[in-house]
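Given next are the chains, with one letter for each unit.
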Amino acid sequence: MKQVLFWVICFCCIFVKVNAQKDTIHNRLNEVVVQANKRLLMNSKSLKVVNLNDSIITNNLESFTSLLRFNTAIYLREHGVGGTSSASFRGTSASNTAVMWNGININSINNGQTGFNSLTVGLYDELNVRSGGGSIEYGSGAIGGTIHLNDVLKFRENKEFTNQIVSAVGSFSTISSLYKLKYGSEKYTVNFGISYNISDNDYPFLNSDFRNSNGDYENYAINFSNAYRFSDELVLQFFTTYFFGDRLLSGELPNPTSADDKYQDINQRNLLSLEFKRNNFRLNTRVGYLFQKYKYFDNKDSEVFNFGSSNRLYTDITADYTFQKFNATVTSNTRFESVYGRTDQITERNRKEFSQSLILNHKVKRSFSYDIKVRKDYNSDFDVPLSYAFGFKLTPYKGFFFRANTSRNYRVPTYNDLFWPGQGNLNLIPENSLQGEFGIGFKSNQLFIDVAYFNINSKDKIIWTPNGDPNRPGIWTPINLEETTNQGVELAANYKRLFFNNIQTDLSVNYTYVDAINEATKTAIPFVPKHVANTNIRMNYNRFSIFYQFLFNGKTYTTQSNSEDFVVDEFFISNIGGSYNILKREKQNLSIGFKMNNILNEDYTIIRARPMPGINYNFNVNYKF
Amino acid sequence: MKKINFIFKTLFFASILVLVSCSDDAEPQEPRGDYENGIIISGEGASAAAGGTISFISNDYATVESKIYNKVNGLDLGIFLQSMTLEGDNAYIVVDNQNTISVVNRYTFQELGKITEELSTPRYITVVGNRGYVTNWGSTSDETDDFIAVVDINTFEFIEKISVGNGPERIAFNGGKLYVTHKGAFTNNNIVSVINLSNNEVSTITVKDRPDEMFFKSSTELVVLSEGRTLYDSNFNVIGHTQAGIATINLQTNEVTSEIEFTEGIHPSLMDTLNGELYYAISNDVYKVGINATTPATDELLSDVADISFYGMAVKDGKLYALDASFSDISKVNIFDLSSNEKTNTFDAPLGASKIYFN
């Protein structure tokens, strides 16, 4: 499935890019965008935010995992294509990555993570990836970085309907399709999207007689959002999404046929937002209800399952005031949340959280701005330390910039950590991290480059270990044990150039080097590759476009002592693709695309004993009307 | 590299064969493989960190080698390597989540074949003649589908199933009958199954909760260690315990004739026997009592034999081997001299080290 995703993505990216640029120019004059990431950008002047636009997203329909893997500097741990997948920034753990849906943290209450194969990314209009701590704005888990999924609603002076159908067919009976409808008028705007993905996903394991048996997956998603503009001052928005995924969990070598597990999950999220604006004052009130449920079947043919579910009620009020005279904005966010979570093993527990944050953004001069952020949490289960952040950005000369930030962030223990039967530990305290980053870069119309050094010191990291509790010998329990220090360099670059007046070339590079050390043993933290790098090169000529992308993932140790006996080898994967624009009119645009993944037929694994696919193909059609 | 190793080993063994066939009967026997005359330690592995692996430590401690199966065969065993049985020239390596028993030459670790047919979470195997008897948990969500798989150890083919109660664990043969302890898989059980191999009829003996290790004290007496249960309320707070015991069962009457009973809340495990003594573990300590004792030992023999998790123990030739298992890293084996009760050696052991065998 991943493969399919890749092809589609790559392909589409190129195609969409061309279109998107046109659209943007065409529409800019008469549209009002309820810009979901406006606040993100406002509060991220000293941090790196990578934007993956709808064209890139549309071309990566099959999986969120592959989209991120080939387009960001994040390390994705995927248990075989379509399996459990988690993301980590800068050598931090998966529960240190916060995923935000229209501004709300959606990490699971049970395990503190988001499953990246349980989200249909194709339905979102905009994806932002911010590296670095973000607990003040985004709460628990935002230690390594945050990933933002947004629906973008646009009001238009002239009523306008747009439709988009993307359909992809790939190896291993993989089908991905997507339909999106957008309507905008002066007063009302609506987005509707529906997607369906299915695959046998039974790719052969290279150098083996086995296939990825028991790997089938199928998922559906519906997104609906709309907004009504009462006046220039008052806008009401409503977002809702539903996802249902049904997948089998594939087995491991040497006998993958022994696997017969199944996993189903349902996510349902709703958010109502009322925004009031007058002069320099802005007030935004939001109410949300989020529901998650998973079922795990040890035997896919059996009716017996384990489950976990959570219900969340969310409400917050954000007020901004801009002091025009000083070029400064003060933002206050007051948030209350009540979560009911349970599993078949844990009786229903309720956690209540209240937080108050204050943010000051100040643009001292054209070339210098800074922000100060502070947040205090009150949690019914434990004390959360005060979070704070400070950052600034200098743009002393032309496109050059210098940015630096420091922040304290946290991750609260999950329900599993606290309440797991016989094993949970009610005495846990939140993990906390202190981090610093400085980056230099350059930005022009053609070239963007950002190189940053980061240092993240995390304390009281929650680790499950046998004999964690002397009163429960031999029992695995979580304890606040580890101190880790991650330092490294993160690089992002993009270069665009027109050759011979008609070949548009676009090169982008992401690279993370991280030296992640356990302070007690002074050895590398297991499952963290030192190097993760990817590159995309795209060339467009008239209606044709081609692209090449690669991913390099360094060796990972799987033990804390860094035993050479237990490692996952480095790998280098290349994909190529192309597209042709058949129909190119103002109101209609049709393109077909092709992608070939893992062209070197590399036999690689991301997780031990779970091979990834060799060469595979994808064809897609993208029609906008 | 693995291939070279394989070729080298093949050549090596071929040369041994030639040597052996040429040699005089009076000459000492040539080694039958790299892994003869040593200690074999199996490790269960852990999901993402490592598959099950096997280490070898020569009797003179001069050689310590990890991942011997992987190196010889260029293959992984997968998770979780539950147990091994050494019988004849073969070793049977039982990997439960892989529903696989890898059959290897016990001295070379060269794989001879795999038994996979009909296995469902296999735990232990015992060999009687040409047949292997494998305890199987079946689906972990069904307590009624547990069975003994009967397999042909020459063709590696499945022969038949014998249904037994929930959670069969260890299996041993004596006097025409198989004895199976039922620890209870993911739940609990308190029986020992007796399978008459002449007609496959199954009868049961009730013992204390969670029976695991066993051995035959004589041809008519079986000793079984039951760990006892920890009881939880619906919120999984500990609300009590059931009693643990080491029972001696008369195999003619199938009744418990004597028993070492433990104070409630004490959960002994890892029983082994040597020279008329019983050794068992409580937490990280080792206790010893006479084989005919009726009360537990009052003082520990060895304390704190493991730092992380005391997960496997064996006694042999005046030495006690204690496995200090890590499930996220290399484990350790600590070796104690039973005449001085002092630790004499520590070596690396496989990730999730759980069992010790003498080859």
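Here is what the cut-offs are and how they apply
Residues numbered from 1 in each chain as written. Chains lettered and ligands numbered in written order. Predicted model: local features only at pLDDT ≥ 70, side-chain atom pairs only at ≥ 80, totals over all residues. Helix = DSSP H or I, 4+ residues; strand = E, 2+ residues; numbered from the N terminus. Rg over C-alpha atoms; globule rule 2.2 N^0.38 Å. Buried ≥ 20, exposed ≤ 12 C-beta atoms within 10 Å, placed from the backbone. Contact = placed C-beta atoms within 7 Å. Pairing = 2+ DSSP bridges. Axes fitted to C-alpha atoms, helices over the stretch in contact; angles between N-to-C directions. pLDDT = per-residue confidence, 0-100. Core = buried A, V, L, I, M, F, W, Y, C linked by C-beta atoms within 7 Å.

Visitor: Any details on the overall build of chain B? Residues and values, ideally.
Guide: When you go through chain B residue by residue, the secondary structure sums to 2 helices and 29 strands. The C-alpha radius of gyration of chain B comes to 21 Å, within 12% of the 21 Å expected for a compact globule of 359 residues. Summarising its shape, the C-alpha atoms of chain B cover approximately 60 × 50 × 45 Å along the three principal directions. Here chain B, with 359 residues, has 46% of them falling under the buried criterion. In chain B, the share of contacts with a sequence separation of at least 24, taken over all contacts with a separation of at least 6, comes to 41%.

Visitor: Kindly report on the sheet that holds strand β21 (residues 255-261) of chain B, identifying the contributing residues and their values.
Guide: All names here are of chain B. Across the sheet, 4 strands lie side by side as β16-β17-β20-β21; this open sheet has antiparallel pairing. Unpaired on one side and paired on the other, β16 (211-218) and β21 mark the two borders of the sheet. When strand polarity is set aside, the average angle formed by the axes of neighbouring strands in this sheet is 20°.

Visitor: So, unusual backbone geometry: which residues are in play, and what are the values?
Guide: Omega for the peptide link from Leu253 of chain A to Pro254 of chain A comes to 10°, which places this bond in the cis form. Relative to the elements of secondary structure, Pro254 of chain A occurs in the loop between β14 (234-249) and β15 (261-278). A cis amide bond, omega -15°, links Ile79 of chain B with the succeeding residue Phe80 of chain B. Topologically, Phe80 of chain B is positioned in the loop between α2 (68-73) and β4 (81-87). The phi dihedral of Phe172 of chain A is positive, around 60°, even though this residue is not glycine. The backbone phi angle of Arg210 of chain B is positive, close to 60°, even though this residue is not glycine. By secondary structure assignment, the location of Arg210 of chain B is in the loop between β15 (201-206) and β16. Judged by C-beta crowding, with 25 C-beta atoms within 10 Å, Arg210 of chain B ranks as buried.

Visitor: Can you tell me about the confidence of the model for chain A, naming the residues and giving the values?
Guide: Residues and elements named next belong to chain A. Across chain A, the average pLDDT comes to 88, with 92% of residues at or above 70. Here helix α1 (residues 2-27) stands out as the element of chain A with the lowest mean pLDDT, 36, in contrast to strand β21 (residues 387-394), whose mean of 95 is the highest. Low pLDDT, under 50, characterises residues 1-29; the stretch is placed with 107 contacts to residues that sit more than four places away or in other chains.

Visitor: Go over the pairing of strand β6 (residues 100-105) of chain B with me, naming the residues and quoting the values.
Guide: Residues and elements named next belong to chain B. With 5 of 6 residues buried, β6 lies mostly within the body of the structure. Alignment of strand β5 (residues 90-95) against β6, held across 6 bridges, turns out to be antiparallel. Within β6, the position partnered with Val94 by the bridge is Ile101. Hairpin connection of β5 to β6: 4 residues between the antiparallel strands, including Asn99 at a positive phi of 50°. The pairing of β6 with strand β7 (residues 111-115) spans 4 bridges and is classified as antiparallel. Residue pairing across strands places Val104 opposite Glu111, the latter belonging to β7. Adjacent in sequence and paired antiparallel, β6 and β7 are bridged by 5 residues, among which Phe109 carries a positive phi angle near 65°.

Visitor: With reference to specific residues and values, describe the confidence of the model for chain B.
Guide: On average, chain B scores 90 in pLDDT, and the residues at 70 or more come to 91%. We note a pTM of 0.86 for the whole complex and an ipTM of 0.82 for its interfaces.

Visitor: Could you give an account of the sheet that holds strand β7 (residues 126-131) of chain A, naming the residues involved and the relevant values?
Guide: Residues and elements named next belong to chain A. Ordered by their spatial adjacency, 5 strands build an open sheet running β2-β7-β8-β5-β6, and the pairing between neighbours is mixed. The two strands at the open ends of the sheet, each matched to only one other strand, are β2 (49-52) and β6 (104-105). Relative to β7, β2 is paired through 4 bridges, and the arrangement is antiparallel. Directly across from Val50, in β7, lies its bridge partner Val129.

Visitor: Please give an account of the nonpolar core that cites residues and values.
Guide: Within the largest apolar cluster, 95 residues are counted, with the highest numbers of intra-cluster contacts made by Ile93, Ile101, Val224, Met313, Leu320, Ala322 and Leu323 of chain B. The contact partners of Ala322 of chain B, leaving out residues within four places of it in the chain, are Val305, Ala306, Phe310, Met313, Asn334 and Phe336 of chain B. Counting 42 residues, the second largest nonpolar core, distinct from the first, contains Phe64, Leu76, Tyr138 and Leu178 of chain A.

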